[in-house]
Amino acid sequence: MRWLIVALLLVGLAPPASAQGAAVAVSTGTADPDYATAIDLSGSGFQSIPKGHGGIYVLFGWVADPWRPSQGGAAGVTYRYVQDSEAKDNNGFQRFVAFPDSDTASAANGGVIAADGTWRTRIVVPGARFKAADRTGSVTEVDCRQVRCGVITIGAHGVVNPTNETFTPITFAVPRQAPPPPPVPTTTPPAVTTTTEAPTTTTTTTTTTSSTTTTTSSAAPVDVATEPVSGSRSTWIAAVLAGLVVAGGAVVAIRARRRASEGKPE
């Protein structure tokens, strides 16, 4: 009977689901050094405490042994991580995975640790460089190409839990560029390039010969008495009249001489 009571007591004091060999699997172990990379995480072997306070923080950062809080490690001294708000819609740099039915489960943005010690979430790695501040406010820049960085899990809300402390390394490399896809076959004939020469302008000069037809109209007789005489025509008429006068005088003179010679009185 006494042994039965002791056994029952041991069962009652036994820890919840054990997390022996806690580990984190990552969808990719290589991140882009210059751009943000989203990495899917799946945990197994973690300690799950029903209605326990807190859970685990999932972080990305740098560690230096001994980094674990259970071994005296401290943020900003033995490990530094990308800081983020604790809101559910934060940038994804930091996740809180709660214990099932925990009093802090409503604040979880990374899910819940199942009774079998498994959980799934996604974290964002901002790049190879980040700035971290310690508890005194001192800011330090971390270059993960020079130091060891990766995914860190520690007890959340100030609860130190050595069973749930893990570190999973992440390396950095420029991702390979995928070759461009081959051109899609098409039945459309290739475009034909047509070169259009400037048109040559020929100027033709046409000479038009105008024939001038002179029409001679028979003018009506001019009445000397009614039409004024001008120029050389007037001179000609005057000369004719003078000639007639002279001729008439000569005739008179000749007749007078004949009569004189015949002895006839005038």
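Preceding block: the structure.
Attention in this report is confined to the structure presented alongside it. Quick caveat, the model's predicted, so the values are computed rather than measured. (Residues numbered from 1 in each chain as written. Predicted model: local features only at pLDDT ≥ 70, side-chain atom pairs only at ≥ 80, totals over all residues. Heavy atoms only, no water.)

1. Looking at the overall build of the protein
In step 1: Within the protein, the secondary structure is distributed over two helices and twelve strands.
In step 2: Long-range pairs, those at least 24 residues apart, make up 64% of the contacts in the protein between residues at least 6 apart in sequence.
In step 3: Just so you have it, the protein exposes about 18500 Å², and 57% of that area is on carbon and sulfur atoms. (Helix = DSSP H or I, 4+ residues; strand = E, 2+ residues; numbered from the N terminus. Contact = heavy atoms within 4.5 Å. Areas by Shrake-Rupley, 256 points an atom, 1.4 Å probe, with all protein chains shown as cover.)

2. Notes on the pattern of salt bridges
In step 1: A full pass over the atoms with the stated rule returns four salt bridges.
In step 2: Notably, a salt bridge pairs R148 with D65, separated by 3.4 Å at the nearest N-O pair. Residue R148 is located in the loop between β9 (139-143) and β10 (149-155), and its partner D65 is located in the loop between β4 (55-63) and β5 (79-81); the two are separated by 83 residues in the primary sequence.
In step 3: The salt bridge partner of R145 is D143, with a shortest N-O separation of 3.3 Å. (Salt bridge = Lys/Arg side-chain N within 4 Å of Asp/Glu carboxyl O.)

3. Let's talk about the side chain of D32
In step 1: Within the element layout of this structure, D32 appears in the loop between β2 (30-31) and β3 (37-44).
In step 2: Buried charge without a salt bridge: D32, with R145 as the nearest opposite-charge side chain at an N-O distance of 8.5 Å.
In step 3: Among the polar contacts listed, one links the side chain of D32 to the backbone nitrogen of Y35, at a separation of 3.3 Å.
In step 4: Each residue touching D32, except ones within four places of it in the same chain, is listed here: T37, G127, A128, F172, A173 and P175. (Buried < 20%, exposed > 50% of the residue type's maximum accessible area, 1.4 Å probe, protein only. Lys, Arg positive; Asp, Glu negative; His and termini not counted. Polar contact = N/O pair within 3.5 Å; in protein donor to acceptor, adjacent residues only side chain to side chain.)

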